[in-house]
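Listed below, chain by chain, are the residues.
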Amino acid sequence: MAKIEPFEKHTDRYEEWFEEHHDLYRWELKAVEHLLPDFSEGVEIGIGTGRFALPLGIRRGVEPSPKMARIAMRKGLEVIPGIAEEIPLPDESVDFVLMVTTICFVDNPPQALKEIYRILKPGGTVIVGFVDRDTPLGRYYLEHRQESRFYAPATFFSAGEVAGLLHEAGFDELKAVQTLFGEHLESMEGGICPGWGEGAFVAIRGWKIDDSEKKA
C-alpha cells in the first residue's frame, strides 16, 4: 500500500516546506536540470503537488495521494491516480521519467524501477532524485525519522544502492550529480558536483538502451 497518509494529513505543511527552504529547493531543481534530457513525452512518478514537474516542463504525472493530486491539477498538470509499482501507462509510451524524493516511500523499489523501464521507449531516460543516506543529512533523517511528519514510514537508500537498483532494472550509462553540502539543513550550501558521497541530495540518470544498439 502506498505510504500516502503523511501527505494526505500534512499537505499544507508539505507546500510550506518549499517556501521556507526555497534555496535548498532551487538547488535540488538545478541538480535535476543538470541531467535533464531533451524529451517530448515526460512523466513524473510521484508528482505530488507538481513542485518539480511544473518548472521542469513535465505536464503529466502519477500520484497516489488525492489531496496532493488536486493541488497539482489546480496548477494545470494532468495527474493519473496510481502507484509506482503498477504504473497505469502503456509499454514504451514515454521518453523521459522523473522520480524525485519518491523512491524512499515506495513499497517495492525494484518493481517500481522495472515499471519505469517498461513504460520508457528505447533510448529513453530516467532521473531519480533522493536524499543520500550516507551523508550527514541522510543519517540525521534516518535517526530522527520517527519525529518527522513525512519520513516516519520512509526507507532511506545510499546512492550506491540506488545505482545498483537502476542497473538491476536494466538501465545503463548512469550519470550522477550531487548538491546540498553541509552538516545541517539550516546551514546547507548549494553547488552542483559530479558523482555522490558528499552532497545530501543526489540525482542519478539512467538510459534505456535501444535493443538494436545492444546488438551492434
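The structure this text deals with has already been given above.
Structure report, in brief. Because the structure is predicted, anything quoted here is derived from the model rather than measured. (Residues numbered from 1 in each chain as written. Predicted model: local features only at pLDDT ≥ 70, side-chain atom pairs only at ≥ 80, totals over all residues. Heavy atoms only, no water.)

**Thoughts on the packing of helix α2 (residues 11-20) against helix α3 (residues 22-35)**
Taken N-terminus to C-terminus, the directions of α2 and α3 make an angle of 90°; their axes are 5 Å apart at the nearest point. By the criterion of interaxial angle, the relationship of α2 to α3 is roughly perpendicular. For the pair formed by α2 and α3, the contact residues are Trp17, Phe18, Glu19 and Glu20 on the first element and His22, Leu24 and Tyr25 on the second. Each residue belonging to the contact of α2 with α3 can be placed in one class, and the counts come to four nonpolar, one polar and two charged. (Axes fitted to C-alpha atoms, helices over the stretch in contact; angles between N-to-C directions. Helix = DSSP H or I, 4+ residues; strand = E, 2+ residues; numbered from the N terminus. Parallel < 35°, antiparallel > 145°, perpendicular 65-115°, else oblique. Contact = heavy atoms within 4.5 Å. Nonpolar A, V, L, I, M, F, W, Y, C, P; charged D, E, K, R; others polar.)

**Focus on the pairing of strand β6 (residues 172-179)**
As defined by bridge partners, β6 adjoins strand β8 (residues 201-207) across six bridges and the pair is classed as antiparallel. Note that in β8 the partner of Asp172 across the bridge is Trp207. Where β6 meets strand β7 (residues 193-194), two bridges bridge the pair, whose relative direction is antiparallel. Within the sheet, the bridge partner assigned to Gln178 lies in β7 and is Cys193. (Pairing = 2+ DSSP bridges.)

**A short note on the packing of α2 against helix α5 (residues 66-74)**
It is at 10 Å that the axes of α2 and α5 come closest, and there the two elements cross at 50°. Judged on the interaxial angle alone, α5 and α2 are oblique. Taken together, the residues of α5 that come into contact with α2 (itself represented by Thr11, Tyr14 and Glu15) are Lys67, Met68 and Ile71. Broken down by class, the residue content of the contact of α2 with α5 amounts to three nonpolar, one polar and two charged.

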